[in-house]
Amino acid sequence: MKRARILMLIAPVAALIFLFIVLPYVTVLMMSFRAPAEGQPYGAGFSVEGYRQFFSQSYYALSLPQTMGLGIVTSLVCLLLGYPVALHIATAPKRWRGLLYGIVLSPLLVGIVVRSYGWTILLGNAGVINTTLRNLGLIERPLPLMYNEFGVVLALAHVFLPFMVLPLLASLQTADPAVRQAARSLGAGRFTVFRRVTLPMSMPGIQSGCILVFVLAISSYVTPALVGGMRVKTTTLLVVDALIDQFQWPFGSAMALTLAVSAGIVVLIFARLTRIRWS
Amino acid sequence: MGLVTPLLSLLRALVYVFLLAPIVVVVLASLNAGNFLTFPPQGLSLRWFWTFLNNDVFIDAIVYSLILAALATAVSLVLGTMAALYFVRHARREAEAVRIAVLLPLILPEILTAIALLFFFYEIGIGTQYKIALFTGHVLMTLPFVFLNVTTSLQGRDDAVELAARTLGASRLTAFRRITLPLIAPGMATGGVFAFIISFDTFGISFILKGTGSAPLPIQLYDYLRFNFTPEAAAVSTVSILLTLVLVTVSNMLFGRD
Amino acid sequence: MTEVSLLSLVKSYGKSTALKGISLDVGHGEFVSLLGPSGCGKSTTLKCIAGFEDVTDGKILFDSKDISRKLPEDRDIGMVFQSYALFPHMTVARNLAFGLEMRRMARSEIADRVARAMDMVQLTPYADRYPKALSGGQQQRVALARALVIEPAILLLDEPLANLDAKLRDEMRGFIRDLQKRVGITTIYVTHDQNEAMTMSDRVVVMFDGEIAQAAPPEDVYDRPASERVARFVGNANILDLAVADQADAETSLSLPGGGRLAVTGGADAPVSRLRVMARPEQIALTGPGEGHIDGRIAKRYFSGGHVEYHVDTDCGTLNVLCPTTQNVAEGANVGLSFDTRRLWPLPGAAHVTAEPAA
């Protein structure tokens, strides 16, 4: 009886997740094997037509490696930009930490549409950056900053940087400062301490940060749509196009699942390459 | 070696600028007096805020988003707190499974979850009618944030306080209301604020599941931005940023930083 | 004042049994300690008495009334937790008032009682502080006052001193004991520290593996342990395994390796060939070689301020000897060892380990 009362605490959430996460994902999986049809989302019976359609048309198939590349580059940019910041916050005096933390988290408080919009204002041909450079006489024609991979990666890196900094910060802060002091006492210089102690010890943070940013980046819709102006075709954009605009549910589902499985493989390879033996 | 430290400081400063720039730029753009998003702005004016205030589409969208966020947050707060209580106090071997299950909506790509929900609701014959799918999606997206925050505030706590209250004569309910609830209130407040902001800003779920009729603010803004470049969108964005700031500030004042 | 009786308490979690039939009577105003290693069931027993765990079988009586099925809040107990479990969001005074508010007492009455309780634990100046702003010892006293201010039928203490540093622990021991005597409340105290149990209790209940190994006054548990395990758990014990030379009614004569004899009172009921006897380190004295019961050689010497501890290699194994510092012998020296024969205790064999019924 006591146990039953305790289980009531978790029952609603368990039901929610099962009904509205597990079952719907099963539905997608089944949908991807449905037969295509004209004039309605899907036809009778099952087939692998959706998958065949995706892999046989280079327009669609090639978007997959391109999307993966976009995700990987975004992760790397986030790591390069985020690491010094995380290190800074981790070692900053307490009274500054709150403010710096706030700056890092601030993008999260602003909707993804607004943030992407901000980038279009900055990167457009008549945008802040191009106008400033032109007024300074540094360039004659506007630089192509938007509607290309560069702009999309930059905006994605901005949107997801907090998701890199937070795990990095967590792993840097759990590391006992005495370990660094121990390394110094054993004769290591500051740079050596960083390379041999701090960096390896923050590996769990690097790992989870990169995976998080990668997954978020390849599945994002608004940023590539607004900053890329539909000219950078990511698989996610194509999926939404197939499902919502073209009403081809089996094809869209097959594409979405292929994307998810590919992402899973990339993540697994990455986790394998950066395997941590000591934790 | 002597050059490394200043270079690093410069890089850091640039990252902080990079983080803030798009937000600052949106706010500045909303004060532009000109007809288009030009730079430098053609004078300062609040005219785009007036345009926006007279635009029913955006006002409706903001009201709609606020109501949706409030309802989704309320449901998430109750369910997420219950799950957190179970996870911290009672879960044993199944603890990790519970944690992953509750965090699934956060781990899985939002757009894929949205599509999955769309199909599922069509399969059971409801589709996007009555906004049920949309609401469910928002509850799912906000649940992990309540769970994470309440879990954190519970984990730092001594379980025995509730037992102590019981030995002093408090019933299970009284002990929860007088002891546990005040202790997790800051965690619930932070989780609630997070949940509200996530719901208010989330795109993928709303985009796929909105159905016909009025749409939440991010969708309305996105539709507008695809074809328009007036500073009105910047004014709308600024208002949405301000709303978020007010919410965070008020909750900080009420519950303190935890 | 209340009398507590545990009648064959059994507590099982699925297949594992935490309590295998605990029976114990605690008298009016008595201070009883449950002592044992972790996992012995002492905390489970306390949780059953408090009502945090349902008993699988058996009964708990307060003044002959069965309360086994009552909710914790209806049992009229005061409890002090290892972590103190003070309400962090309430001041000291509000913490003390909580239990009285639950009893729907009048405001003025509450204020009055809280003031008296705060005076009792010398915390009056801290009434408006939050627990976080107090030292460990002060938090401990708040917890104690909070449990006592409701004037409960019995007081339960769950390792209350475990989180204090050594000096404070000694201080609090005396404080708790004095307070308990003054209030005269029936008290059950759980600890894994044998010193604590000895110094504070009227009676010590030693528990192993979900069973009571011995329940007796501290002197008895120390000098006359019911088993070798109790002997080793309660203080330092030298155990000598000796051959029986002669067995009379009240006295048993044992042969020592050097050819000497050792007479002990009591011993086995039935004729046996060997007997294990216990000698505490302070019950052995150092003598010149050949002058004591057996001879040995000092293997190690540890000076600890008030005493010197010697590890002496003998034909009966290495024995621990505790001497006053006036008696100083160097490592490696040959010595004799003399036993205090009146206090040598023949250990009952494994078959004799019984849960001694409480007095």
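Details of the structure are given in the entry above.
Residues numbered from 1 in each chain as written. Chains lettered and ligands numbered in written order. Predicted model: local features only at pLDDT ≥ 70, side-chain atom pairs only at ≥ 80, totals over all residues. Heavy atoms only, no water.

Draft legend 1. Summary view of the overall build of chain C. Per the secondary structure count, chain C includes 8 helices and 20 strands. Counting over 359 residues, chain C shows a buried share of 50%. For chain C, the exposed surface amounts to about 16200 Å²; the carbon and sulfur share of it is 48%. With 39 positive and 46 negative side-chain charges, chain C shows a spacing of 6 Å between the two charge centroids. (Helix = DSSP H or I, 4+ residues; strand = E, 2+ residues; numbered from the N terminus. Buried < 20%, exposed > 50% of the residue type's maximum accessible area, 1.4 Å probe, protein only. Areas by Shrake-Rupley, 256 points an atom, 1.4 Å probe, with all protein chains shown as cover. Lys, Arg positive; Asp, Glu negative; His and termini not counted. Charge placed at Lys NZ, Arg CZ, Asp CG, Glu CD.)

Draft legend 2. The interface of chain B and chain A, seen in detail. If you look at the interface, chain B gives 68 residues, while chain A gives 72 residues. Both faces considered, chain B and chain A share a buried interface measuring about 6200 Å² in area, 82% of it formed by carbon and sulfur atoms. Scanning the region where chain B abuts chain A turns up 0 salt bridges. The greatest single-element share of the side of chain B that touches chain A, amounting to 14 residues, is contributed by helix α1 (residues 4-30) of chain B. (Contact = heavy atoms within 4.5 Å. Buried area = accessible area lost by both parts, 1.4 Å probe. Salt bridge = Lys/Arg side-chain N within 4 Å of Asp/Glu carboxyl O.)

Draft legend 3. Seen up close, the sheet that holds strand β7 (residues 154-158) of chain C. Residues and elements named next belong to chain C. Across the sheet, 6 strands lie side by side as β6-β7-β8-β3-β9-β10; this open sheet has mixed pairing. Taken across any chain shown, the strands that pair with only one partner, and hence form the sheet edges, are β6 (77-80) and β10 (211-216). Going from strand to strand, the sheet's axes swing by 20 degrees on average, the running direction of each strand aside. With 4 bridges joining them, β6 and β7 adopt parallel strand pairing. Counterpart to Val80 in the pairing with β7 is Leu157. Against the sheet, helix α1 (residues 42-50) engages β3 (31-35), β6, β7, β8 (186-191) and β9 (203-208), with an angle of about 145 degrees to β7. (Pairing = 2+ DSSP bridges. Axes fitted to C-alpha atoms, helices over the stretch in contact; angles between N-to-C directions.)

Draft legend 4. Focus on the pattern of salt bridges. Residue and element names in this part refer to chain C. Across all of its chains, the model carries 25 salt bridges over all chains by this definition. Salt-bridge contacts for Asp202 lead to Arg177; the nearest nitrogen and oxygen are separated by 2.7 Å. Note that Asp202 is positioned in the loop between α6 (194-200) and β9 and Arg177 in helix α5 (residues 166-183), a separation of 25 residues in sequence. By relative accessible area, which is 28% here, Asp202 ends up partly exposed.

Draft legend 5. Focus on the sheet that holds strand β1 (residues 4-13) of chain C. All names here are of chain C. Across the sheet, which stays open at both edges, the 4 strands sit in the order β2-β1-β4-β5 with antiparallel pairing between neighbours. Each edge of the open sheet carries a strand with a single partner, namely β2 (16-26) and β5 (65-66). This element, α1, spans β1, β2 and β4 (57-62) of the sheet and lies at about 115 degrees to β1.

Draft legend 6. The arrangement of the state of the cysteines in detail. With the rule as written, the count across this model stands at 0 disulfides over all chains. Here Cys78 of chain A is not disulfide-linked; the sulfur of Cys210 of chain A is the nearest cysteine sulfur, at 8.5 Å. Left without a disulfide partner, Cys40 of chain C is nearest to the cysteine sulfur of Cys48 of chain C, which lies 13 Å away. (Disulfide = S-S within 2.5 Å.)

Draft legend 7. Focus on a nonpolar patch on the surface. Residue and element names in this part refer to chain A. On the surface, Phe18, Leu19, Val22, Val26, Leu29, Met30, Phe33, Phe46 and Val48 cluster together to form a nonpolar patch covering roughly 800 Å² of accessible area. Inspection of the secondary structure assignment puts Val26 in helix α1 (residues 2-32). When its relative accessible area of 37% is taken as the criterion, Val26 is described as partly exposed. (Patch = residues over 30% accessible without salt bridge, like charges linked within 9 Å, V, L, I, M, F, W, Y side chains within 5 Å.)

Draft legend 8. Quick peek at empty space enclosed by the protein. Scanning the model with the defined rule gives 4 cavities of 30 Å³ or more in all. What the largest cavity holds in volume is close to 50 Å³. Residue lining of the largest cavity: Gly111, Val113 and Val114 of chain A together with Phe200, Asp201, Leu217, Pro218, Leu221 and Ser240 of chain B, and that is the complete set. Its residues assigned to classes, the lining of the largest cavity comprises 6 nonpolar, 2 polar and 1 charged. (1 Å grid on protein atoms, 1.4 Å probe; cavity = no way out; pocket = protein on both sides within 12 Å on 5 of 7 lines; lining within 4 Å. Points joined across faces, edges and corners; volume = space filled by probe spheres on them. Nonpolar A, V, L, I, M, F, W, Y, C, P; charged D, E, K, R; others polar.)

Draft legend 9. View of the packing of aromatic side chains. Tallying each qualifying case throughout the model produces 27 aromatic pairs over all chains. The interplanar angle of 75 degrees and the centroid separation of 5.0 Å between the aromatic rings of Phe54 of chain A and Phe55 of chain A together place this pair among those described as edge-to-face. Ring geometry for Trp249 of chain A versus Phe119 of chain B: centroids 4.6 Å apart, planes at 35 degrees, classification tilted. Here Trp249 of chain A is found in helix α14 (residues 249-273), whereas its partner Phe119 of chain B is found in helix α5 (residues 110-123) on a different chain. Comparing Trp249 of chain A with Phe119 of chain B, the two get one shared label, buried. Each residue in the set Tyr221 of chain A together with Phe203, Phe207 and Tyr222 of chain B is aromatic and connected to the rest through ring pairs, giving one cluster. Here the guanidinium or amino end of Arg280 of chain C rests over the ring plane of Tyr222 of chain C, the centre of that ring lying 4.1 Å away. (Phe/Tyr/Trp six-rings, centres within 6.5 Å; stacked < 30°, edge-to-face > 60°. Lys NZ or Arg CZ within 6 Å of the ring centre and 35° of its normal.)

Draft legend 10. View of the packing of helix α8 (residues 149-174) of chain A against helix α11 (residues 203-218) of chain A. Residue and element names in this part refer to chain A. Relative to each other, α8 and α11 sit at 160 degrees, their axes nearing to 8 Å. Considered as vectors, α8 and α11 are oriented roughly antiparallel to each other. Crossing handedness for the pair α8 and α11: right-handed. Across the interface between the two elements, Leu156, Phe160, Phe163, Met164, Pro167, Leu168 and Ser171 from α8 touch Gly205, Ile206, Ser208, Gly209, Cys210, Leu212, Val213, Leu216 and Ala217 from α11. Here the contact of α8 with α11 is built from residues that sort into 12 nonpolar, 4 polar and no charged. (Parallel < 35°, antiparallel > 145°, perpendicular 65-115°, else oblique. Left-handed = near helix turned anticlockwise from the far one by under 90°.)

Draft legend 11. Structural detail: the pairing of strand β16 (residues 294-303) of chain C. Residues and elements named next belong to chain C. Here β16 pairs with strand β19 (residues 334-339) via 4 bridges, running antiparallel. The partner of Asp295 across the bridge, within β19, is Gly336. In the sheet, β16 pairs with strand β17 (residues 307-314) via 7 bridges, with the strands oriented antiparallel. The residue of β17 that forms the bridge with Gly296 is Thr314. In textbook terms, the turn of a hairpin is the stretch between consecutive antiparallel strands, and for β16 and β17 this stretch comprises 3 residues, one of which, Gly305, has a positive phi near 85 degrees.

Draft legend 12. Highlighting the packing of helix α5 (residues 94-109) of chain A against α1 of chain B. Following both chains from N to C, one finds α5 of chain A and α1 of chain B inclined at 50 degrees, their axes separated by 9 Å at the closest point. Put simply, α5 of chain A runs oblique to α1 of chain B. Crossing hand, α5 of chain A versus α1 of chain B: left-handed. In this structure, α5 of chain A contributes Leu100, Ile103, Val104, Ser106 and Pro107 of chain A to the contact, and α1 of chain B contributes Tyr16, Leu19, Leu20 and Ile23 of chain B. Considering only residue class, the contact of α5 of chain A with α1 of chain B consists of 8 nonpolar, 1 polar and no charged.

Draft legend 13. Here's a closer look at the environment of Arg177 of chain C. Judged by its relative accessible area of 15%, Arg177 of chain C falls in the buried class. Discounting residues that sit within four places of it in the chain, Arg177 of chain C has contacts with Phe31, Met200, Ser201 and Asp202 of chain C.

Draft legend 14. How the structure looks around the pairing of β1 of chain C. All names here are of chain C. Direction of pairing for β1 relative to β2: antiparallel, over a ladder of 8 bridges. Across the sheet, Ser12 pairs through a bridge with Thr17, a residue of β2. The hairpin turn running from β1 into β2, its antiparallel successor, is 2 residues long, and Gly14 in that turn takes a positive phi close to 60 degrees. Pairing of β1 with β4, which is carried by 5 bridges, proceeds in the antiparallel orientation. Each bridged residue has a counterpart across the sheet, and for Leu6 the counterpart in β4 is Ile60.

Draft legend 15. Main features of α11 of chain A. Residues and elements named next belong to chain A. Taking 1.5 Å per residue as the helical rise, α11 with its 16 residues ought to reach 22 Å, and the 22 Å between its terminal C-alpha atoms agrees with that figure. For α11, every residue scored as buried is listed here: Gly205, Ile206, Gln207, Gly209, Cys210, Val213, Phe214, Ala217 and Ile218. Tucked into the core, α11 has its buried residues touching α4 (63-91), α8, α10 (190-201), α13 (235-245) and α14. (Expected span 1.5 Å × (residues − 1).)

Draft legend 16. Layout of the side chain of Gln138 of chain C. Residue and element names in this part refer to chain C. You can see Gln138 is positioned in helix α4 (residues 136-148). On the accessibility criterion, Gln138 (14% relative accessible area) is buried. Separated by 3.2 Å, the side chains of Gln138 and Tyr126 make a polar contact. Dropping the residues within four chain positions of it, Gln138 is found in contact with Leu123 and Tyr126. (Polar contact = N/O pair within 3.5 Å; in protein donor to acceptor, adjacent residues only side chain to side chain.)

Draft legend 17. Focus on the nonpolar core. With 152 residues, the main nonpolar core has Val113 and Tyr221 of chain A together with Phe203 and Tyr222 of chain B as its most contacted residues. Beyond its immediate sequence surroundings of up to four residues, Phe203 of chain B is in contact with Ile112, Val113, Tyr221 and Val222 of chain A together with Glu110, Pro218, Ile219 and Tyr222 of chain B. (Core = buried A, V, L, I, M, F, W, Y, C linked by side-chain atoms within 4.5 Å.)

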